[in-house]
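# Architecture and fold: a report
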Amino acid sequence: FIAVDLELTGLHVKSERFIGIDRCYGAHRDGAKTFLPVQLGVCAARRDPTKSSPNGGAHWILSPVSLYVFPREAAGQERHFSVSAATLLFLDNNGFDFNSWVRHGLGWLRPGEEEDRRRGIQQRIDEVTRLKHSASAAVPPMEGAGDSSPIDIPNGADRAVVDAARTEIRDWLASTTRTPLEIPMENAFQRLLMHTVIAQEFPQVYSHSSRRAGERFLCVYKSQAEVYNEQLLALQREMEGIDMEVGVRCILDEITRGSKPLVGHNCFYDFLHLYQTFYNDLPDSIQEFKAAWLQLFPQTLDTKYLAEAHELLVGLQPPATLKGLCDFMAQAASSTQGTPGGPLPVSFEVNSLPGVEYQLPFLSNGPSSGSSSSSTASAPDAEEMEAMDSSHEAGYDALMTSVVLVHQLGQILGKKRLPWGQLDFGPLRKSGPEDPRRSLLEALPLSVNRIRLVRAQPNVVNLSGRDEADMSRHFLMAGYPASWKKWDLMKVWSPLWVGLSYVDDTSCWVIARNEADAIALQKIFKMIEEPQFRLCTYEEHRLAQDQAGIGGGAGGPKAIPDAPASAPGNAAGADGGGFPPSPAPGLQRRPAR
């Protein structure tokens, strides 16, 4: 699989919370059209079956790289983008080299731009080829060099250049060579002047301006066919140069051609930027984006969504950040490895490009993961750990994402009692009844192509299917004490298991798992005597927004109705204040009516 990460010049045109996937997509689409990636991190991860351990462990070879991305002028088109001052300060604080970005950043062409460039050059090739065939059937020019009167050119630098070129042409004509004459001449006006001089004074030869390796030449030929041959060679070089102009996109094209899974962490922004920057303008609707995206990358995984939603991982209660999740998963593998149903053993090897050095996060490279290279190493001190930490460098973040996914898969396969060899990372396919291998989609049916959304409800988008448009399981809970933590909120709704998505310190969205839990959640609220918060359904929240004239983008608590229909026994009062500060465990429930 391939893990990717992007560093950007900004995230949002306007930072807010979103209700509904369409509104969330629209806002993020505007951000992707405004800001630009400055660094692309890629990490190719492959399992080496020749180094598998007898206890079912797998050896993974990780190949990370960071590429500066800079909008080079292509085909005369200058690119414009915006930057966020806060983002630039963040990049600077994390060691981003702005000089290398501008000087050495790689450019790119979108597929449409590449096609236009190739079509234009091919049309010129066809035209020159036609002229070449026409010239071969024409009557050759009359011999007679220098019979025409020379053009009078005023004294100066231009005359000196013309006189020197005249001498070279005469000497070349007097020789028996058939090799074209090439005269270095950088000045465009002097080349134009020489074309006029040659046409007037040397009618039996042909001239053409050429450029190779950045140097300009005036080329003189003894036949018109040679001129056309040189033009065709120049156009062919120009056609081959487009491969270089495609730049960064060629790496992404290889991922598409290989049908490899694309992996990210909290990667909805990254995926939108990848499409907008390297492929095409993002379409107006998210359904159109999904269809276009799946044509490029039919298998995607989000390690953040896996950590928070997969039934075999969510119980671990991992941290939210990539660095925290990476260390946590490695430590979890260390503490439970070898136990029945524990994670499958893994070891890692970093295969960096020449001149680039990456080190695995310490916990992932320690004895817990089976890496023999560090089994006798002592733990680094705080300064060494800080020096090893390259978080927010795109290549290193892609490396950590790879490590996280391998550990997550190790946990899942271990609990399912499946060996590494049965997991197929190839193209999507249906396994036969006799084939023990399972595709990624078969092994993770509820995780592939599901990407976590931040500051949005619903908080996940399904790239390969319809999104869950039914918001009947979403409830806005607001006005609770700011001191309440996640456990306090979860205990309110016990024994139900609910999802939480925070709005601010005193409000959050509560998401029931199914319709039955949604009904039970409302019954629990009705049983609470003197509740210390307000609760409303999504429909009530939306209606209150419409009545107040509030846009649908933000999910702030100010839009919550004071007396929601789902809580007729709410004793908080119309102003929503006056709640006693007792903690959640002190809530008293009364029987439902």
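Residues numbered from 1 in each chain as written. Predicted model: local features only at pLDDT ≥ 70, side-chain atom pairs only at ≥ 80, totals over all residues. Heavy atoms only, no water.

### Quick word on the sheet that holds strand β17 (residues 499-504)
The condition that has to hold: A pair of strands is labelled paired if DSSP reports no fewer than 2 bridges between them. Put simply, DSSP marks the helices as runs of H or I at least four residues long and the strands as runs of E at least two long, and each gets a number from the N terminus on. What counts as an axis is a line fitted to C-alpha atoms, over the stretch in contact for a helix, and the angles between N-to-C directions run from 0 to 180 degrees. Contacts: residue pairs with any heavy atoms within 4.5 Å of one another.
Taken in spatial order, the 4 strands line up as β17-β18-β16-β20 in an open sheet, and their pairing is antiparallel. Each having just a single partner strand, β17 and β20 (534-537) make up the two edges of the open sheet. Recorded for the sheet is a direction-independent mean angle of 25° between the axes of neighbouring strands. Sheet topology note: the β17/strand β18 (residues 507-511) ladder contains 5 bridges and is antiparallel. The residue bridging Gly499 from the neighbouring strand is Ile511, located in β18. Each of β16 (474-478), β18 and β20 touches helix α19 (residues 538-548); the most contacted strand, β20, lies at about 90° to it.

### Overview of the layout of surface pockets
Under the convention used in this document: Grid points spaced at 1 Å and placed over the protein atoms alone form the basis of the search, with a cavity being a set where a 1.4 Å probe fits but cannot get out and a pocket an open set showing protein on both sides within 12 Å along at least five of seven lines. Lining residues have an atom within 4 Å of a point. Grid points are joined across faces, edges and corners, and a volume is the space filled by probe spheres set on the points. We call Asp, Glu, Lys and Arg charged. Ala, Val, Leu, Ile, Met, Phe, Trp, Tyr, Cys and Pro are nonpolar, and the rest, Gly among them, are polar.
Computed from the structure, the second largest pocket encloses a volume of approximately 670 Å³. Contributing to the lining of the second largest pocket are 22 residues, with Leu6, Glu7, Leu11, Phe90 and His392 lying nearest its centre. If you tally residues by element for the lining of the second largest pocket, the top one is strand β1 (residues 2-8), at 4 residues. Looking at side-chain class alone, the lining of the second largest pocket contains 9 nonpolar, 7 polar and 6 charged residues.

### Things to note about the environment of His80
We apply this condition: For each residue, the accessible area found with a 1.4 Å probe, counting protein chains only, is set against the maximum for its type, and the residue is called buried under 20%, exposed over 50%, and partly exposed in between.
Secondary-structure assignment places His80 in the loop between β4 (58-68) and α2 (85-93). Among the residues examined, His80 registers a relative accessible area of 70% and is labelled exposed.

### Considering the sheet that holds β4
Spatially, 6 strands are ordered β9-β8-β1-β3-β4-β10 in an open sheet, and the strand pairing comes out mixed. The open sheet has two edge strands with one neighbour each: β9 (300-302) and β10 (346-350). Each strand of the sheet is rotated relative to its neighbour by a mean of 25°, with strand direction disregarded. One ladder, built from 10 bridges, connects strand β3 (residues 37-48) with β4; its direction is antiparallel. What sits directly across from Gly41, in β4, is Ser66.

### Notes on the pairing of strand β5 (residues 181-184)
Burial along β5 is one-sided: Leu181 and Ile183 are buried, and none of Glu182 and Pro184, which face the opposite way, are. When β5 meets strand β7 (residues 215-221), the two strands line up antiparallel, connected through 4 bridges. From the neighbouring strand, Pro184 faces β7, where its bridge partner is Phe217.

### Section: helix α1 (residues 21-34)
Which entries qualify depends on this criterion: Helix span is expected to be 1.5 Å times the residue number reduced by one.
Given a rise of 1.5 Å per residue, 14 residues ought to cover 20 Å, and the 20 Å separating the end C-alpha atoms of α1 matches this to within 8%. Of the positions making up α1, those classed as buried are Ile21, Cys24, Tyr25, Gly26, His28, Arg29, Gly31 and Ala32. In this structure, the buried residues of α1 make contact with β2 (18-19), α9 (268-278), α10 (286-296), β14 (456-457) and β15 (460-462).

### What about the pattern of salt bridges?
The cut-off we apply is this: Salt-bridge detection follows one rule: a side-chain nitrogen of Lys or Arg within 4 Å of a carboxyl oxygen of Asp or Glu.
This model, assessed by the stated rule, comprises 23 salt bridges. Between Asp163 and Arg159 there is a salt bridge whose closest N-O contact spans 3.7 Å. A residue pair is termed a helical-turn pair when its members lie 3 or 4 positions apart in one helix, as Asp163 and Arg159 do in helix α5 (residues 157-174) at 4 residues. For Arg452, the salt bridge identified is with Glu308, shortest N-O distance 2.6 Å. Separated by 144 residues along the polypeptide, Arg452 in strand β13 (residues 450-452) and Glu308 in helix α11 (residues 303-309) bring together distant segments of the chain.

### Remarks on unusual backbone geometry
Note the cis peptide between Ser494 and Pro495, where omega equals 15°. As for its position among the elements, Pro495 is in the loop between α17 (486-492) and β17. Unusually for a residue other than glycine, Ser259 sits at a positive phi of about 55°. Relative to the assigned elements, Ser259 resides in the loop between α8 (249-258) and β8 (262-264). Take Ser259: its relative accessible area is 22%, and that puts it in the partly exposed class. The backbone phi angle of Glu530 is positive, close to 50°, even though this residue is not glycine.

### Some thoughts on the packing of α5 against helix α6 (residues 188-201)
Heads up, the condition is: Between 65 and 115 degrees an angle is taken as roughly perpendicular, under 35 as roughly parallel, over 145 as roughly antiparallel, and anywhere else as oblique. What makes a crossing left-handed is the near helix being turned counterclockwise from the far one by less than a right angle; a clockwise turn instead makes it right-handed.
Contact geometry of α5 with α6 gives a least axis separation of 10 Å together with a crossing angle of 45°. One element, α5, and the other, α6, form an angle in the oblique class. For the element pair α5 and α6, the recorded crossing hand is right-handed. Mapping the contact onto sequence places Ala157, Asp158, Val161, Val162, Ala165, Arg166, Ile169 and Arg170 in α5 and Phe189, Gln190, Leu193, Met194, Val197, Ile198 and Glu201 in α6. Grouping the amino acids of the contact of α5 with α6 by side-chain chemistry returns 10 nonpolar, 1 polar and 4 charged.

### Structural notes on the confidence of the model for the protein
Quick reminder of the rule: Confidence of the predictor in every single residue is expressed as pLDDT, which spans 0 to 100.
The predicted model of the protein averages 82 in pLDDT, with 83% of residues at 70 or higher. Note that pLDDT drops below 50 for residues 364-388; the model gives that stretch 36 contacts with residues more than four away or on any other chain. Note on residues 561-593: pLDDT under 50 across the span, and 68 contacts to partners over four residues away in sequence or across chains.

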